[in-house]
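Chain and residue survey
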Amino acid sequence: MKDVQNFIDTRNINIKKVGVKTVSYPISLRDRSRVRQHTVATANMYANLQHNCKGTHMSRFVEVLNKYHGDFDTSRIPEILKAMKDRLGAEASHLDLTFPYFTTGVVSPCTEREKDYPQKKYYCTLHGSLEKDADVRLTVQVPISFTFGSEHAVSCRWGVADVAVAFRNFYWLEDIIALAEAGIDEASKAVQSSHEPKLTAELLCRAICSQLRPVRELRSYTVTVHNLSDACATFASARG
């Protein structure tokens with residue numbers, strides 16, 4: 001059978017990204033309390049297509065993933081990106097992995113055993129790109145909820161904070177979540193003590209950024225806070 005995808009194309013048009021989307025794949029991550037956490041990611045894989053190439057075999061993207069089956073870890077993303085470039089003969093490769101991550105969050109002083117307090121789910125996305133150097137970033141979606149009332153407390157979903165970071169050195173995913181939630185708690189207390197007139201996306205964004213700014217392990221960060229409780233959604237974004 002002829003390999004039509006390897007035929008020469010003479011139209012001189014580069015395609016920036018070509019690939020496969022929404023591929024379900026099992027991955028493992030470092031977990032501070034349990035050593036390893038296994039979850040299922042949704043993978044999007046892309047590569048550039050040079051102007052003189054007619055096409056690419058989409059199955060080669062999945063072949064690269066299958067090569068790492070059973071021995072996959074997010075720390076190997078630069079290696080996977082290089083394997084994609086080599087296998088497809090591309091100048092650049094890209095990989096997005098979206099997955100749920102479960103953690104108990106901050107330990108409560110009144111909880112004696114870790115198993116006694118509930119697991120919380122956070123949606124995370126790892127973005128990896130490789131042209132000359134690998135660029136790997138992590139985005140964590142942190143829900144923003146508040147409890148009102150004392151006798152009959154009601155929990156209200158206010159919005160969500162998207163915290164995107166690039167690492168200088170290894171840093172626990174749990175600690176990124178803890179810093180974001182510490183910023184949310186700080187902003188909430190400022191409103192409750194009347195130091196701030198109203199809880200706003202701007203207030204929350206600055207509070208989370210102030211928690212992330214001293215962390216030397218982070219090369220950069222971007223925080224975007226979305227308020228979903230108003231008639232129209234509002235947001236604030238900052239980076240450092």
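To be clear, the structure that these remarks concern was listed above.
To keep things clear, this report deals only with the structure shown in the data block. Bear in mind the structure is a predicted one, so any value in this text is a computation, not a measurement.

**Here's the deal with the overall build of the protein**
Check the secondary structure of the protein and you find four helices and eight strands. Reading the protein from its N end, one meets helices and strands in the order β-β-α-α-β-β-β-β-α-α-β-β. A total of 240 residues make up the protein; the buried ones form 42% of that total. For the protein, the proportion of contacts with a sequence separation of at least 24, taken over those separated by at least 6, is 59%. When the accessible surface of the protein is summed, it comes to about 14,300 Å², and 52% of that surface belongs to carbon and sulfur atoms.

**Observations concerning the packing of aromatic side chains**
Evaluation of the coordinates by the stated rule reveals one aromatic pair. The interplanar angle of 80° and the centroid separation of 5.0 Å between the aromatic rings of Phe-170 and Trp-172 together place this pair among those described as edge-to-face. With relative accessibility at 22%, the residue Trp-172 sits in the partly exposed group. The ring of Phe-170 is capped by Arg-30, whose NZ or CZ atom sits 4.1 Å from the centre of that ring.

**Quick look at helix α2 (residues 77-88)**
Because the α-helix completes a turn every 3.6 residues, residues three or four places apart line up on one side. Given a rise of 1.5 Å per residue, 12 residues ought to cover 16 Å, and the 16 Å separating the end C-alpha atoms of α2 matches this to within 8%. Of the residues flanking the end of α2, it is Gly-89, one or two places downstream, whose phi is positive at about 65°.

**Some remarks on the pattern of salt bridges**
Across all of its chains, the model carries eight salt bridges by this definition. A salt bridge links Asp-86 to Lys-82; its shortest N-O distance comes to 2.8 Å. Of this pair, Asp-86 and Lys-82 both sit in helix α2, four residues apart, which is roughly one turn of the helix. A relative accessible area of 52% means that Asp-86 is categorised as exposed. Here Lys-120 and Glu-181 are joined by a salt bridge, their closest N and O atoms 3.0 Å apart. Here Glu-181 lies in helix α3 (residues 173-192) and Lys-120 lies in strand β4 (residues 120-130), a separation of 61 residues in the sequence.

**Side note on the nonpolar core**
Leu-95, Val-140, Ile-208 and Val-225 are the most contacted members of the largest nonpolar core, which totals 61 residues. With eight residues, the top contributor of residues to this core is helix α4 (residues 201-212). Val-225 has contacts with Ile-144, Trp-158, Val-160, Ala-161, Ala-201, Leu-204, Cys-205, Ile-208, Thr-234, Phe-235 and Ala-236, leaving out every residue within four places of it along the chain.

What counts and what doesn't
- Residues numbered from 1 in each chain as written.
- Predicted model: local features only at pLDDT ≥ 70, side-chain atom pairs only at ≥ 80, totals over all residues.
- Heavy atoms only, no water.
- Helix = DSSP H or I, 4+ residues; strand = E, 2+ residues; numbered from the N terminus.
- Buried < 20%, exposed > 50% of the residue type's maximum accessible area, 1.4 Å probe, protein only.
- Contact = heavy atoms within 4.5 Å.
- Areas by Shrake-Rupley, 256 points an atom, 1.4 Å probe, with all protein chains shown as cover.
- Phe/Tyr/Trp six-rings, centres within 6.5 Å; stacked < 30°, edge-to-face > 60°.
- Lys NZ or Arg CZ within 6 Å of the ring centre and 35° of its normal.
- Expected span 1.5 Å × (residues − 1).
- Salt bridge = Lys/Arg side-chain N within 4 Å of Asp/Glu carboxyl O.
- Core = buried A, V, L, I, M, F, W, Y, C linked by side-chain atoms within 4.5 Å.

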